[in-house]
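Listed below are the residues making up each chain.
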Amino acid sequence: MWTYEPFFHNLTNMVNHTLVVSNPPQNGVNAAEVARHLGLTPQEFHGKVGYGVPEIWFADTDAGRVRQTGEVLQALGCKVTVMTSGDLLSVPRRVRVRSFSFTETGFVAHLDGSSLTIAYDLPIVAIYCKPRETGPDLRTAGARRRTSGFMSLRDRIMEVGAGVESEAGDGEGAVPFLDIYVSSGTRPTRITVLQNAVDFSGLGHMEPRAASNMAALVENCEDRFNEATFDRRLEGMRLRLQRSRRASGAEHRRGYSFASPALTELLSSISGDLPNLSQAEFSARLAFLTDRTVH
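Below you will find a few notes about this structure. (Residues numbered from 1 in each chain as written. Predicted model: local features only at pLDDT ≥ 70, side-chain atom pairs only at ≥ 80, totals over all residues. Heavy atoms only, no water.)

## Describing the overall build of the protein chain
- When helices and strands are counted, the protein chain shows nine helices and 11 strands.
- Expressed as a percentage of its 295 residues, the buried residues of the protein chain come to 45%.
- A sequence separation of at least 24 residues applies to 71% of the contacts in the protein chain between residues at least 6 apart.
- When the accessible surface of the protein chain is totalled, it reaches about 14800 Å², and 48% of it is carbon and sulfur. (Helix = DSSP H or I, 4+ residues; strand = E, 2+ residues; numbered from the N terminus. Buried < 20%, exposed > 50% of the residue type's maximum accessible area, 1.4 Å probe, protein only. Contact = heavy atoms within 4.5 Å. Areas by Shrake-Rupley, 256 points an atom, 1.4 Å probe, with all protein chains shown as cover.)

## Describing helix α2 (residues 42–49)
- F45, K48 and V49 are the residues of α2 that are buried. Viewed end-on, α2 has its buried residues packed into an arc of 90 degrees, placing them on one side of the element. Within α2, the exposed residues directed more than 90 degrees away from the buried face are Q43 and H46.
- Buried residues along α2 sit in contact with α1 (31–37) and β2 (56–60). (Arc of directions from axis to C-beta.)

## Section: the packing of aromatic side chains
- Counting across every chain of the model gives eight aromatic pairs.
- A centroid spacing of 6.2 Å and a plane angle of 75 degrees characterise the contact between F100 and F200, whose relative ring orientation is edge-to-face. Placement of F100 in strand β5 (residues 99–102) and of F200 in the loop between β10 (187–194) and α7 (210–224) is noted, with a sequence separation of 100 residues between them. F200 shares its class with F100; the two are buried.
- Members of the aromatic cluster, each reached through a chain of ring pairs, are F100, F102, F107 and F200.
- Here the guanidinium or amino end of R94 rests over the ring plane of F177, the centre of that ring lying 4.5 Å away.
- A cation over an aromatic ring shows up here: R240 above the ring of Y51, its NZ or CZ 5.3 Å from the ring centre. (Phe/Tyr/Trp six-rings, centres within 6.5 Å; stacked < 30°, edge-to-face > 60°. Lys NZ or Arg CZ within 6 Å of the ring centre and 35° of its normal.)

## Quick notes on the pattern of salt bridges
- Applying the stated rule across the entire model yields 13 salt bridges.
- Residue E55 is joined to K48 by a salt bridge in which the shortest nitrogen-to-oxygen separation is 3.2 Å. Each member of the pair, E55 as well as K48, carries the same accessibility label: buried.
- When salt bridges with common partners are traced through the structure, they connect R94, D179, R190, E281 and R285 into a single cluster. (Salt bridge = Lys/Arg side-chain N within 4 Å of Asp/Glu carboxyl O.)

## Overview of the sheet that holds β5
- The three strands lie next to each other as β5-β6-β7, forming an open sheet whose pairing is antiparallel. A strand with exactly one partner marks an edge of an open sheet, and here the two such strands are β5 and β7 (115–119). Direction aside, neighbouring strands of the sheet carry axes that sit 15 degrees apart on average.
- Alignment of strand β6 (residues 106–110) against β7, held across five bridges, turns out to be antiparallel. Its bridge partner being in β7, A109 is matched across the sheet by L116.
- Relative to the sheet, α7 contacts β5 and β6, its axis offset from that of β5 by approximately 40 degrees. (Pairing = 2+ DSSP bridges. Axes fitted to C-alpha atoms, helices over the stretch in contact; angles between N-to-C directions.)

## Some points on the sheet that holds strand β1 (residues 18–22)
- Strand order in this open sheet of three strands is β2-β1-β3, and the pairing throughout is antiparallel. The strands lining the two open edges of the sheet, one partner per strand, are β2 and β3 (80–84). Going from strand to strand, the sheet's axes swing by 20 degrees on average, the running direction of each strand aside.
- Across five bridges, the pairing between β1 and β3 is antiparallel. Across the sheet, residue T18 finds its bridge partner in β3, namely T84.

Right, dumping it as structure tokens:
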């Protein structure tokens, strides 16, 4: 029997916020009017309207004010979803998939000491995250200290482990993953396939590169699940440093963009753990919360 486990346990001093979250892609938006309602210039909003990953656009403790703002933005052509900070905290923890197999009727996820079979006709939500190749500033500290082009086998193992075993931190969370949410009573179960921490032999034919096997897994799941919402908006997303120095001029992150001062302050007021989430994990949570409105 699967039981739901929320991501955070220590919710003391939590401030309840209502959030307006973008649900891209955006088309036909009255950018000048939307920018005014968000306290931005049209130039500052231009980058947001073209950003293909869900992000928080507006937040306040006054739920009525936020819902009214959401309605105004929708009337101006924006695709947005209104949710609460409690929704953000309610996304379940990952259950790691160690290996898998495809049967005639369902996907079998082999976990630590157990397995879960998901029938192909279940209405799942799947989030595929494949960040862009990271630059030197987004590597782990150990990698940044190495200046030569040589990396030992042990270093490679440690480098992979840093990205796989943690869901928070600068430079971590860069490993591609597939989140699958399946309803379990009134609450979802979330299983996660991490590209560098799974046995791909269930594909039958394996390629030498893990990235090719991951792509094959995603395509197989898309082909087999006939009642699924597959979200690829995090494919190709650019990772940002979480603790970066303030950029100058037009490069400064406005509003609640990831790693902006406003977002850090907002997340800290909701839960002390939230600011520690990696960008990929945070964006995947928002993607799920916008996708689940489909069902």
